[in-house]
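Below, each chain spelled out in residue letters.
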Amino acid sequence: SGHHSTAMLGAVIQGIANDVEAGETFSDALRKHPRIYSDLFVSMIRAGEASGNLDGVLMQLAEYLESMEELKRRIRSAMTYPVVAFSMIILIAAGLIIFVVPQFQKIFGQFGRQLPTPTMILIHISDILRTWYSWPIIIGVIVGIVMFLRVYGSTKNGRYNLDALKLRMPVFGGLLRKVSISRVTRTLSTLTKSGVAILQALEIVERTAG
């Protein structure tokens, strides 16, 4: 996969070189490959061409891309502990419900009294999880929810509502907000430093904010 993507990038660079040799500007040649070179990239290159500071702009782009990769690495590192801890909590809770609750159920059964509603709910959940045919249904429901969220998230309103929900989440919401603000300000800083007009820079930042 890595070799294939490297070969593809090599072919793209060769195509850009051919376009520039044919008389196109470097920024116009890059614009033909939006999957690799974003709006931000092309706009900065165009500003560098206009100001005659293309080498400086390319250095700024390199620093910006490296800083964004470093930010992603830090986020992944920061998220590892809470994700692992949350997964462990779910596994422990499932283990208790499946294996420990039935033991208590036997003890409670000897009392011969009506159990409180929360206890009865827990016992019913335990019974469901211990029957083999309930697992395909549970997995199907989870897959269905994931698919629904993906389809809903691909619509304009759905994406807006899901993003609003993400920002309101405890712990993760604050982190996501800070990451988004950091990405926006870094991008805006890099664009304005390279000579892109502030209104155009804000339009680009809007599209790259995520």
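The sections below set out a description of the structure shown in this document.

Thresholds applied
- Residues numbered from 1 in each chain as written.
- Predicted model: local features only at pLDDT ≥ 70, side-chain atom pairs only at ≥ 80, totals over all residues.
- Heavy atoms only, no water.
- Buried < 20%, exposed > 50% of the residue type's maximum accessible area, 1.4 Å probe, protein only.
- Helix = DSSP H or I, 4+ residues; strand = E, 2+ residues; numbered from the N terminus.
- Arc of directions from axis to C-beta.
- Contact = heavy atoms within 4.5 Å.
- Expected span 1.5 Å × (residues − 1).
- Phe/Tyr/Trp six-rings, centres within 6.5 Å; stacked < 30°, edge-to-face > 60°.
- Patch = residues over 30% accessible without salt bridge, like charges linked within 9 Å, V, L, I, M, F, W, Y side chains within 5 Å.
- Areas by Shrake-Rupley, 256 points an atom, 1.4 Å probe, with all protein chains shown as cover.
- Salt bridge = Lys/Arg side-chain N within 4 Å of Asp/Glu carboxyl O.

A separate point is helix α9 (residues 198-208). Inspection of α9 places Ala201, Ile204 and Val205 among the buried residues, and these make up the whole buried set. With its buried residues spanning 100 degrees around the axis, α9 presents them on a single face. Of the exposed residues in α9, those oriented more than 90 degrees away from the buried face are Leu199, Glu206 and Arg207. Looking at the buried positions of α9, the neighbouring elements they touch are α3 (39-51) and α8 (172-193).

Okay, helix α5 (residues 117-129) next. Since the α-helix packs 3.6 residues into each turn, any two residues three or four apart lie on the same face. Over its 13 residues, α5 runs 18 Å from end to end, which matches the ideal 18 Å to within 8%, given 1.5 Å per residue. All of the buried residues in α5 are Ile123, Ser126 and Leu129. One face of α5 carries all of its buried residues, which in axial projection span an arc of 125 degrees.

With that out of the way, let us pick up the packing of aromatic side chains. Overall, the coordinates contain 2 aromatic pairs when judged by the stated rule. Consider the rings of Tyr37 and Phe41, whose centres lie 5.0 Å apart with planes at 55 degrees: the pair is tilted. Tyr37 sits in the buried class, given a relative accessible area of 12%. For Phe41, a relative accessible area of 14% puts it in the buried group. Ring geometry for Phe148 and Tyr152: centres 5.6 Å apart, planes at 5 degrees, overall stacked. Of the two residues, Phe148 and Tyr152 are both situated in helix α6 (residues 134-153); the distance of 4 residues between them amounts to about one turn of the helix. For Phe148, a relative accessible area of 53% gives the class exposed. For Tyr152, a relative accessible area of 29% gives the class partly exposed.

Let's shift gears to a nonpolar patch on the surface. Taken together, the side chains of Val84, Met88, Leu91, Ile92, Leu96, Phe99, Val100, Phe104 and Ile107 make up a nonpolar region of the molecular surface, amounting to roughly 880 Å² of accessible area. Mapped onto the elements, Met88 comes out in helix α4 (residues 54-111).

Glancing now at the pattern of salt bridges. Within the structure shown, the criterion is met by 7 salt bridges. A salt bridge links Asp28 to Arg46; the nearest nitrogen and oxygen atoms lie 3.7 Å apart. A residue pair is termed long-range when its members are at least 10 positions apart, and Asp28 in helix α2 (residues 26-31) and Arg46 in helix α3 qualify at 18 residues. Overall, Asp28 belongs to the partly exposed group, its relative accessible area being 36%. Ionic pairing is found between Glu70 and Arg74, a salt bridge with its closest N-O pair at 3.3 Å. Pair noted here: Glu70 and Arg74 are both in helix α4, with a separation of 4 residues, about one helical turn. Look at Glu70 and you get partly exposed, because its relative accessible area is 32%.

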